[in-house]
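Architecture and fold: a report
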Amino acid sequence: MGLLSGLVASNLNLKPGECLKVRGEVSPDAKSFVLNLGKDSNNLCLHFNPRFNAHGDANTIVCNSKEEGTWGTEHREPAFPFQPGTVVEVCVSFNQADLTITLPDGHQFKFPNRLNLEAINYMAADGDFKIKCMAFE
């Protein structure tokens, strides 16, 4: 995976309707990176995994959820506005029904809130991505 960014934040208390903005730098030799959001590492309402070239996927965003340590069904999003060696911003907002992910080019897609979380308290970043800035709106 190269250098792990490994940032973990807890007690975020992100509420429905609020937006989490994450800005970071994609490594020049990026293979993939991950943003995990949820209650804790075993309960994720969103596993957001842009894959430049990893696990047999090229230039694909793979999303999933994890409940009590068990992965759900993968969702693949064909939009891929990421390039190695650039600074990008991703915004995530949610409600009881689903999460809305806004990509750096403004493209949005939804992913179901399978865990019906009422707050997002946990975020972890991993892989070829260094977080520069996080903001709540």
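Residues numbered from 1 in each chain as written. Predicted model: local features only at pLDDT ≥ 70, side-chain atom pairs only at ≥ 80, totals over all residues. Heavy atoms only, no water.

It is worth spelling out the nonpolar core at this point. The biggest cluster of nonpolar side chains holds 34 residues, and the ones touching the most others in it are Leu 46, Phe 48, Ile 61, Phe 82, Leu 99, Ile 101 and Leu 103. For this core, the secondary-structure elements that each account for two or more residues are β2 (19-26), β3 (33-40), β4 (43-54), β5 (57-67), β8 (87-94), β9 (98-102), β10 (108-112) and β11 (122-127). Setting aside chain neighbours within four positions, we find Phe 48 in contact with Phe 33, Val 34, Leu 35, Asn 36, Ile 61, Val 62, Cys 63, Phe 82, Val 90, Ile 101, Leu 103 and Phe 109. (Core = buried A, V, L, I, M, F, W, Y, C linked by side-chain atoms within 4.5 Å. Buried < 20%, exposed > 50% of the residue type's maximum accessible area, 1.4 Å probe, protein only. Helix = DSSP H or I, 4+ residues; strand = E, 2+ residues; numbered from the N terminus. Contact = heavy atoms within 4.5 Å.)

What follows covers the pairing of β2. Direction of pairing for β2 relative to β8: antiparallel, over a ladder of 7 bridges. Each residue of the ladder has a partner; that of Lys 21, found in β8, is Cys 91. By the bridge criterion, 7 bridges tie β2 to strand β12 (residues 129-136) in an arrangement that is antiparallel. Its bridge partner being in β12, Val 22 is matched across the sheet by Met 134. (Pairing = 2+ DSSP bridges.)

Turning our eyes to something else, we now look at the UniProt feature "domain: Galectin" (unreviewed entry) in the protein. Within the UniProt annotation, "domain: Galectin" (unreviewed entry) is assigned to residues 6-137. The span residues 6-137 carries 0% helix and 59% strand; its end-to-end C-alpha distance comes to 23 Å. (UniProt positions renumbered as here; feature names shortened; annotations may be inferred.)

If you walk through the whole model with that rule in mind, you get 8 salt bridges. Notably, a salt bridge pairs Glu 89 with Lys 21, separated by 3.9 Å at the nearest N-O pair. Here Lys 21 lies in strand β2 and Glu 89 lies in strand β8, a separation of 68 residues in the sequence. Taking the relative accessible area as the measure of exposure, Glu 89 reaches 25% and is therefore partly exposed. For Lys 21, a relative accessible area of 22% gives the class partly exposed. Note that Arg 51 and Glu 74 form a salt bridge whose closest N and O atoms lie 3.8 Å from each other. Of this pair, Arg 51 sits in strand β4 while Glu 74 sits in the loop between β6 (70-71) and β7 (75-77), and the two are 23 residues apart along the sequence. With relative accessibility at 7%, the residue Arg 51 sits in the buried group. The exposure class assigned to Glu 74 is partly exposed, which follows from its relative accessible area of 41%. The network of salt bridges with common partners includes Lys 21, Arg 23, Glu 89 and Glu 137. (Salt bridge = Lys/Arg side-chain N within 4 Å of Asp/Glu carboxyl O.)

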